[in-house]
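Single-letter residue listing:
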Amino acid sequence: MYIFISQFGVFSQACGSGIFRFEIKTETNTEEITYEILQIKKSSTDHNQDYYYGVLLDEKQLKNFEFENFNINNLPPILRNTVYTDYDSTNRVIKFTTIEGLNRNYVLKIKVNKRTIYVLSNFFGGCDRKTTLIISKKQYLVKSRT
């Protein structure tokens, strides 16, 4: 009697959905923060690359993208019917509801005092994760799994 064992590629979900926590830290943590989600036109360059935890964009890089008004109807129905963003002003965290298979990048435009910072990321795709934007003389991102 022979036993044949075949190995097949097995694919499974990592999470299904999750929360992307985008935290903002400033020197005093008292500055007013406003943000806007910018939807990238599909004709723009680099919009399909995976910027899972986010990357900072400077003015020169920002010119590589064309934007259109953010439209909630362009999100999958499961995100449209749930809270897709939630801003906690006390902890200075924006929480994005995510779906594992979604791979579309957006730009988050953040205003703090007289500074405007742009972050490119797949805010609505992937699993649980956290990125912290540190704003001091310069700004940088700290990326971590939750």
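Whatever comes next refers back to the structure up there.
Summarised in this report is the structure supplied together with it. It should be emphasised that the depicted structure is a prediction, and the values quoted were computed from it without experimental measurement. (Residues numbered from 1 in each chain as written. Predicted model: local features only at pLDDT ≥ 70, side-chain atom pairs only at ≥ 80, totals over all residues. Heavy atoms only, no water.)

Turning our eyes to something else, we now look at the packing of aromatic side chains. Each aromatic ring pair is specified by the distance between its two centres and by the angle formed by the two planes. By the definition in use, this model includes twelve aromatic pairs. Ring centres of Phe-20 and Phe-22 lie 6.3 Å apart, and the angle between their planes is 85 degrees; on these two criteria the pair is classed as edge-to-face. Consider the rings of Phe-65 and Phe-67, whose centres lie 6.4 Å apart with planes at 35 degrees: the pair is tilted. By relative accessible area, which is 9% here, Phe-65 ends up buried. (Phe/Tyr/Trp six-rings, centres within 6.5 Å; stacked < 30°, edge-to-face > 60°. Buried < 20%, exposed > 50% of the residue type's maximum accessible area, 1.4 Å probe, protein only.)

The sheet contact formed by strand E1 (residues 17-25) and strand E6 (residues 93-99) spans seven bridges and is antiparallel. When the bridges of E6 are listed, Gly-18 appears paired with Thr-98. Bridge analysis of E1 against strand E9 (residues 129-135) gives six bridges, and the strand direction is parallel. Residue pairing across strands places Glu-23 opposite Thr-132, the latter belonging to E9. (Pairing = 2+ DSSP bridges. Helix = DSSP H or I, 4+ residues; strand = E, 2+ residues; numbered from the N terminus.)

Taken in spatial order, the five strands of this open sheet run E3-E8-E7-E2-E4, and their pairing is antiparallel. At either end of the open sheet lies a strand with only one pairing partner, and these are strand E3 (55-57) and strand E4 (67-68). Looking at chain direction, strand E7 (residues 106-112) and strand E8 (residues 115-121) are connected through seven bridges and run antiparallel. Its bridge partner being in E8, Lys-109 is matched across the sheet by Tyr-118.

Turning our eyes to something else, we now look at the nonpolar core. Membership of the largest hydrophobic core comes to 22 residues, with the highest contact counts inside it found for Phe-22, Phe-96, Leu-108, Ile-110, Val-119, Phe-123 and Phe-124. Going through the elements one at a time, E1, strand E2 (33-40), E6, E7, E8 and E9 are the ones with two or more residues in this core. Per element, the largest residue contribution to this core is four residues, and it comes from E7. With nine residues, the next largest nonpolar core counts Tyr-51, Leu-57, Tyr-118 and Leu-120 among its residues. (Core = buried A, V, L, I, M, F, W, Y, C linked by side-chain atoms within 4.5 Å.)

Our focus in this paragraph is the side chain of Glu-23. As for its placement among the helices and strands, Glu-23 is situated in strand E1. Of the polar contacts made by the side chain of Glu-23, one reaches the side chain of Lys-130; its length is 3.0 Å. Ignoring anything within four residues of it in the chain, the contact list for Glu-23 reads Asn-91, Arg-92, Val-93, Lys-130, Thr-131, Thr-132 and Leu-133. (Polar contact = N/O pair within 3.5 Å; in protein donor to acceptor, adjacent residues only side chain to side chain. Contact = heavy atoms within 4.5 Å.)

With that settled, the discussion passes to the state of the cysteines. Every disulfide links exactly two cysteines, by a covalent bond between their sulfur atoms. For the structure on display, the rule yields one disulfide. Here Cys-15 connects covalently by a disulfide to Cys-127, the sulfurs 2.1 Å from one another. Between Cys-15 and Cys-127, the disulfide has an S-S torsion of -90 degrees and is therefore left-handed. On the criterion of sequence distance, the pair formed by Cys-15 in the segment before E1 and Cys-127 in the loop between E8 and E9 is long-range, its members being 112 residues apart. For Cys-15, a relative accessible area of 33% corresponds to the partly exposed category. (Disulfide = S-S within 2.5 Å.)

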